[in-house]
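Okay, here's what each chain looks like letter by letter:
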Amino acid sequence: MLALEFDETKCANCKAVSCLVKCQYIDLDKDKAKIEWQKVIKGEDSPVLDACTTCYACEEYCPFGNHPFYLIVERQEERGMFTAPRPITKQWINMCEPAGKFRLGKVKEQALSFCFIPALRSLARGRLFESALPSWILGAEFFCNVVYLHFAKTSVIKDRLPKITENIEKQGIKELICLHDECYGSFNSLAPAYGIKVPFKTTHYFEYLYNKLKEHKDAIKPLNVEVAYQRNCSARLVPETDHFVDDIFGLIGVDRVEREYDGENALCCGEIIRMVKGYKLADDVQKRNIDDIVNAGAEYCVFNCPFCYMALAEKMAKRGIKPIHIIDLCKLAIGEKPALEVG
Amino acid sequence: MSDMYEALVKIVGKNYVSNQKEERYFYGRDPGLMSPHEPDYVVMPRTTEEVQKIVKLANKEKIPVVPKGGGLALTGLVIPLKGGIVMDMKRIDKILEVNERARYVIVEGGTTEGGLKSYLEKHHPSLRHSIPDAPPIATVVANAVIHGQGRLTQQYGFNSDMVTGLEVVLPTGEICRIGSCSISKYWFSRGAPMPDLSGLFLGWLGTTGVITKMGLKLYPRKKIRDVEVFVTDKEDLVPDILFKLTHTEMVEDINIWCQPHPPMFRENHHVTILITGDSEEELQFKKKMIWDALQEYIDSKDGGFMWVMPDAKPTFLEMPLESLSKFADVRKGGGFEYSGPIVLAEDYPECSRKLAELAVKYKLTYSGMVRVIGRSHCIMFGFAYTFNRADLDEMDRVRKALHEVAEFALEQGGTHWKPTVDEQKMMMERMDPDTLKLMGKIKGLLDPNGIMNPRNWEVG
């Protein structure tokens, strides 16, 4: 059985206990946080396990890369906890079970991964994807499975992720361009944390977009708009990719507004919180986030994750903010039509 | 018989009568599993007077008459089991009047559900009727006659409960008006405060007369509709969930469904909750009432609200639901039939277990489809099995499964809805003898020659 590579000594020497102290949903000072975190490490009862909203943020807060969130999930599952209601958990597990219904383009050594999200296929059109597009994969057989962290089901990931990497390798893929941020997080954070071998190179689509935009530099007409960026949960697994957001914005003439809930302090889309903690907290998170964007004077809200888009696009549009996926924003900058629209 | 053909031509014109093989073939069957039986004639009248003349002729010649709407009941209710005349009502399809303030409509006997929906959307956008999840060619009158249910059934009961008046051609040819329209130009009540005679026709499956006009209640159409889907893996909790949901009185319609395909739906029971409002505030208020009502199941982790993503919402919100017809073709070959007994909500767990048990026993693909009637006063539990029409063995297995459902439903204390002739017999065998005698007296009085849709509700 795959085991989490977790180093207790790093936590023993940690003075900041940022994983809990910085948490936006758990209110603990350093001393109490230290005590509670030790309980989590030892597998004892801790209110942390119940209070966790599964926002993934502690993965980013830990300065040692010691995977505090993965440990929380391990402990939750060991105790038989359900973060979301049991039938909802079953539904999500059943929904993404590989059933031999995957779809393929003309797969080459470099391929685009649409994960198990058909919307990504609609997004990846136009000149920016011309050369890469014939080569793509889509289906539960290539689904990254990170989402089960939200459901305290690391066991599903441990079971499925090695097979997923095998499935991708079997296609002869040497470089996978991950259009879903969570896929990139899966192969670059989760897999190494569990010692799962990833036998192909992975490229985050931010990097791909950045390079393609540079290739099409002459076609770019600066958008000259102020935008807010909606940072998603899985971005916490791979914060090293974040700089590409500003790099891309720089290329296409977009200003990122300063706001409270950005960077490390970002708020997630809230829909997972709705499932695991109920509507009151979810509504509060979404309202604070949208208020913040409105108050910051942004014209657009730029999304990385298609699910965040589905969760927030309509709500933002009703408040006068234009929701747009970052791929669509790039297409807009070179005069192409966005794929995702509200309503 | 050629005299009869000529007589019918004289009434409706030659374009609207047929005794040809093609029409007799088509009108001799329905989309369900019942064996076909061809009529001798098919006739399409245009007016009440034409209906009257046809019925008088048939009564004189003692020839069966089967009035037909969309013919979609699946249980053989418009198959002419003793031949005779199938009277297709589709040409009598005018929408005669909408009283916007009193919120009722008067339609002719063949007006379709789709036609009425479109008409109201165009001309009376603040009003709606209780549209059933049947194809749009289903007719308003036939739906009420079989005690159909629709999108407003949770709030206002069976669609037949919404009838406000009738015009009926009796089997002996008289034209009767039932309700306030019998003494007034207004069709606001089907009986009260007078004796309610509508019960002589509703539920009788066309065996006591031909309904040529019907008044029907309309209801406010709210500006916004939305959907929530509550999911549980414990069927035993469903009755209590329904009780709590209906207590809020915040819901437009409640459907429950369970099915093993696609995989994301297996093991769970899904309660579709439709909500309406004239503003976002109203909608949010209702949603919060609903969420709070079910919070205890969320806390216990036994149930939760599924994330219905924006692109999935139209599937739940469309009227009628297209997904039902997709289910009909799951096995390819376009076969689908369900038995939909009316039972208590507390029977849901037993029914859902029986549904799955029979699917295993007869190797069938199934779906359970439930509509809540009233404030959980009862439910229609649809035991639906799909089959390939080219697979006779599979069709036979579905027949056997549905026969077991029919026996099971009565054992549970339920009644059959839009029953087949066999199911009617099963109910009459169990019926209080004096009640059965009363039915026989009514039928004998109204249809002394037994010409109307014979073999249905045939007492003794």
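Just so we're clear, the structure is a prediction, and the values are computed from it rather than from any experiment. (Residues numbered from 1 in each chain as written. Chains lettered and ligands numbered in written order. Predicted model: local features only at pLDDT ≥ 70, side-chain atom pairs only at ≥ 80, totals over all residues.)

> Could you clarify how one ought to interpret the overall build of chain A in this entry?
Of the regular secondary structure elements, chain A holds 16 helices and nine strands. Here the C-alpha atoms of chain A give a radius of gyration of 20 Å, agreeing with the 20 Å that 2.2 N^0.38 yields for 343 residues. Dimensions along the principal axes, computed over C-alpha positions, put chain A at roughly 60 × 50 × 40 Å. Taking all 343 residues of chain A together, the buried fraction comes to 50%. (Helix = DSSP H or I, 4+ residues; strand = E, 2+ residues; numbered from the N terminus. Rg over C-alpha atoms; globule rule 2.2 N^0.38 Å. Buried ≥ 20, exposed ≤ 12 C-beta atoms within 10 Å, placed from the backbone.)

> Help me understand the overall build of chain B in this model?
Of the regular secondary structure elements, chain B holds 15 helices and 19 strands. Its C-alpha atoms give chain B principal-axis dimensions of roughly 75 × 55 × 45 Å. The contacts of chain B with a sequence gap of at least 6 include a subset with a gap of at least 24, amounting to 68%. (Contact = placed C-beta atoms within 7 Å.)

> What exactly am I supposed to notice about unusual backbone geometry here?
Note: most residues except glycine have negative phi, and most peptide bonds are trans. All names here are of chain B. In this chain, Ala 192 is followed by Pro 193 through a cis amide linkage whose omega measures 5°. Its identity is not glycine, yet Lys 62 carries a phi of approximately 55°, on the positive side. As for its placement among the helices and strands, Lys 62 is situated in the loop between helix H3 (48-61) and strand E3 (65-68).

> What am I meant to see in the domain arrangement of chain B here?
Many structure descriptions define interface size as the accessible area lost when the parts assemble. All names here are of chain B. Each assigned domain of chain B is listed with its residue range as follows: domain 1 (2-88), domain 2 (95-220) and domain 3 (224-411). Domain 1 and domain 2 are separated by 23 Å when their C-alpha centres are compared. Across the contact, 14 residues belong to domain 1 and 20 residues belong to domain 2. Counting residues per element, the ones that place at least two in the side of domain 1 that touches domain 2 are H3 and E3. (Domains from an automatic or database assignment.)

> Just to check I follow, could you spell out the pairing of strand E9 (residues 322-325) of chain A for this structure?
Working note: regular strand, side chains alternate between the two faces of the sheet. Examined bridge by bridge, strand E8 (residues 300-303) of chain A and E9(A) share four bridges and lie parallel to one another. Across the sheet, residue Phe303(A) finds its bridge partner in E9(A), namely His325(A). (Pairing = 2+ DSSP bridges.)

> Quick question: what am I supposed to make of the nonpolar core here?
Among soluble globular proteins, nonpolar side chains are generally buried collectively. One finds Cys301(A), Cys330(A), Val43(B) and Ile379(B) to be the most contacted residues of the largest nonpolar core, which totals 241 residues. Filtering out sequence-adjacent residues up to four positions away, Val43(B) remains in contact with Leu8(B), Val12(B), Tyr16(B), Val17(B), Ile54(B), Ile85(B) and Met87(B). (Core = buried A, V, L, I, M, F, W, Y, C linked by C-beta atoms within 7 Å.)

> How should I be thinking about the sheet that holds strand E6 (residues 104-108) of chain B in this particular structure?
Strands pair in a sheet through their backbones, by hydrogen bonds, and they do so in one of two ways: parallel or antiparallel. Residues and elements named next belong to chain B. An order of E5-E6-E10-E8-E9 is seen for the five strands of this open sheet, with the pairing classed as antiparallel. Each edge of the open sheet is held by one strand with a lone partner, namely strand E5 (95-99) and strand E9 (175-178). The mean angle between the axes of side-by-side strands here comes to 10°, regardless of whether they run parallel or antiparallel. As paired strands, strand E8 (residues 163-169) and strand E10 (residues 210-217) are joined by six bridges and run antiparallel to one another. Bridging from a neighbouring strand, Val 169 pairs with Val 210 of E10. Lying over the sheet, H3 contacts E8, E9 and E10, oriented at roughly 50° with respect to E8. (Axes fitted to C-alpha atoms, helices over the stretch in contact; angles between N-to-C directions.)

> Please clarify how the sheet that holds strand E4 (residues 85-88) of chain B should be interpreted in this entry.
Residue and element names in this part refer to chain B. Strand order in the open sheet formed by four strands is E1-E2-E4-E3, and the pairing between neighbours is mixed. In this open sheet, the two edge strands, each paired with only one partner strand, are strand E1 (17-18) and E3. Note: strand E2 (residues 41-43) against E4, three bridges, orientation parallel. Within the sheet, the bridge partner assigned to Tyr 41 lies in E4 and is Ile 85. Against the sheet, H3 touches E2, E3 and E4, its axis set at about 170° to E4.

> What is the right way to read the packing of helix H11 (residues 205-215) of chain A against helix H12 (residues 243-252) of chain A from this model?
When two helices pack together, their arrangement is given by the angle between their axes and by how far apart the axes lie. All names here are of chain A. The contact between H11 and H12 brings their axes to 9 Å, and the two run at 20°. With respect to each other, H11 and H12 are oriented roughly parallel. The two elements H11 and H12 meet at a crossing, and its hand is left-handed. Contacts between H11 and H12 involve Phe 206, Glu 207, Leu 209, Tyr 210, Leu 213 and Lys 214 on the former and, on the latter, Phe 244, Val 245, Asp 247, Ile 248, Leu 251 and Ile 252. Tallied by class, the residues present in the contact of H11 with H12 amount to nine nonpolar, no polar and three charged. (Parallel < 35°, antiparallel > 145°, perpendicular 65-115°, else oblique. Left-handed = near helix turned anticlockwise from the far one by under 90°. Nonpolar A, V, L, I, M, F, W, Y, C, P; charged D, E, K, R; others polar.)

> I tried to follow the domain arrangement of chain A on my own but got confused; where do I start?
Residue and element names in this part refer to chain A. Partitioning chain A into domains gives domain 1 (8-78), domain 2 (93-208) and domain 3 (217-333). Using only C-alpha atoms to locate each centre, domain 1 and domain 2 end up separated by 29 Å. Listed as interface residues are seven residues of domain 1 and, on the opposing side, seven residues of domain 2. Its residues assigned to classes, the side of domain 1 that touches domain 2 comprises two nonpolar, three polar and two charged.

> Would you explain the interface of chain B and chain A in this entry?
Each partner contributes to the interface: chain B provides 18 residues, whereas chain A provides 18 residues. Broken down by element, the residue count for the side of chain B that touches chain A peaks at three residues, all from strand E15 (residues 303-306) of chain B. Here the residues of the side of chain B that touches chain A sort into nine nonpolar, four polar and five charged.

> Explain the confidence of the model for chain B to me, please; I cannot follow it from the model alone.
Low-pLDDT portions of the prediction should not be read for the details of their coordinates. On average, residues of chain B score 96 in pLDDT, and 100% of them reach the 70 mark or higher. For this predicted complex, the interface score ipTM comes out at 0.94, while the overall pTM is 0.95. (pLDDT = per-residue confidence, 0-100.)

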